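Spelled out from the first residue to the last, the chains are:
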Amino acid sequence: MAAVSGGGPHTPSVRIGPIDLAARVDEALAVQAVAFGLGPEEIEVRRHIVLRHLDHPCARALGATTLDGRLVGFVYGMPNERGQWWSTVVEPYLRATGSAHWLDDSFVITELHVHPAFQNRGIGRMLITAVTDAVDQPRSILSAIDTDSPARALYRSLGYRDLARQVLFPSAPKPYAVMGAPLPLRRKGQTGTDRQPIDFRPPVPPG
């Protein structure tokens, strides 16, 4: 479990480690609602999607929690499968750019969100690097709203590059970009690729 120190009197330290995201899905969606501007109806739709994703046997989730247990950020993902809905939507766009092979042998970052009060402290960077350090796939893919934003800047700094742009998802009001990066992700200020994976195995009961 990693720790991030506080940035001031109103931003306490947080710890980053594995969480039971299915059990804390409402807390996670509350963070996503604030970070992403979701309404009640969107939250309910996403709740069912998240729980379905977490049924995947290889899904991995990490949370950022304050010392008193409040969830202030999370990430989760899973190995990509071409039959998944996300893949079927983005595949034609990737094929048009000669990037469809990125759908194979890749780990998808499905969601990554940090509460605005805790942003700009490296929490998102720690979440995404930690979760991808623990996977077997040689690369990672994700989608992000296709505009210049702090999120896109973060992804680029980690080694993600645009694979396809102006990707339209059904019911999404804005186009997305699909991005991909080799693993392990690039470290800030470093060219090395040392990995310190977080152990996702459940603790062994004493005795």
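What this report covers is the structure whose coordinates are included nearby.

Conventions we followed
- Residues numbered from 1 in each chain as written.
- Predicted model: local features only at pLDDT ≥ 70, side-chain atom pairs only at ≥ 80, totals over all residues.
- Heavy atoms only, no water.
- Helix = DSSP H or I, 4+ residues; strand = E, 2+ residues; numbered from the N terminus.
- Buried < 20%, exposed > 50% of the residue type's maximum accessible area, 1.4 Å probe, protein only.
- Contact = heavy atoms within 4.5 Å.
- Areas by Shrake-Rupley, 256 points an atom, 1.4 Å probe, with all protein chains shown as cover.
- Arc of directions from axis to C-beta.
- Salt bridge = Lys/Arg side-chain N within 4 Å of Asp/Glu carboxyl O.
- Core = buried A, V, L, I, M, F, W, Y, C linked by side-chain atoms within 4.5 Å.

A few words on the overall build of the chain. Helix and strand content of the chain: 5 helices and 8 strands. Its helices and strands taken in sequence order, the chain reads β-β-α-α-β-β-α-β-α-β-α-β-β from the N to the C terminus. Counting every position in the chain, which comprises 207 residues, the buried fraction comes to 46%. Pairs at least 24 apart in sequence give 66% of the contacts found in the chain among residues at least 6 apart. Carbon and sulfur atoms form 54% of the exposed surface of the chain, whose accessible area is close to 11000 Å².

Turning our attention to helix H5 (residues 150-157). Among the residues of H5, those classed as buried are Arg152, Leu154 and Tyr155. All buried residues of H5 lie within an arc of 155° about the axis, which places them on one face of the element. If you follow the buried residues of H5, they end up packed against strand E5 (106-114), helix H4 (123-133), strand E6 (139-145), strand E7 (161-167) and strand E8 (176-182). Positioned one or two residues after H5, Gly159 has a phi angle of 110°, which is positive.

Here we take up the pattern of salt bridges. Within this structure, the stated rule accounts for 10 salt bridges. For Arg95, the salt bridge is made with Glu91, and the minimal N-O distance between the two is 2.4 Å. With a gap of 4 residues between them, Arg95 and Glu91 both fall in helix H3 (residues 85-96), about one helical turn apart. With a closest N to O distance of 3.2 Å, Asp146 and Arg152 form a salt bridge. For Asp146, a relative accessible area of 11% translates into the label buried. We classify Arg152 as buried; its relative accessible area is 0%.

Our next topic: the nonpolar core. If you look at soluble globular proteins, the nonpolar side chains tend to sit buried side by side. Counting residues in each nonpolar core, the largest one holds 27 residues, and the members touching the most others are Ile109, Ile123, Leu127, Ile128, Leu142, Tyr155 and Tyr160. When residues of this core are traced back to their parent elements, those giving at least two are strand E2 (14-18), strand E3 (60-66), strand E4 (71-79), E5, H4, E6, H5 and E8. The element best represented in this core is H4, accounting for 5 residues. Leu94, Ala100, Leu103 and Val108 belong to the second-largest nonpolar core, a separate cluster that totals 15 residues.

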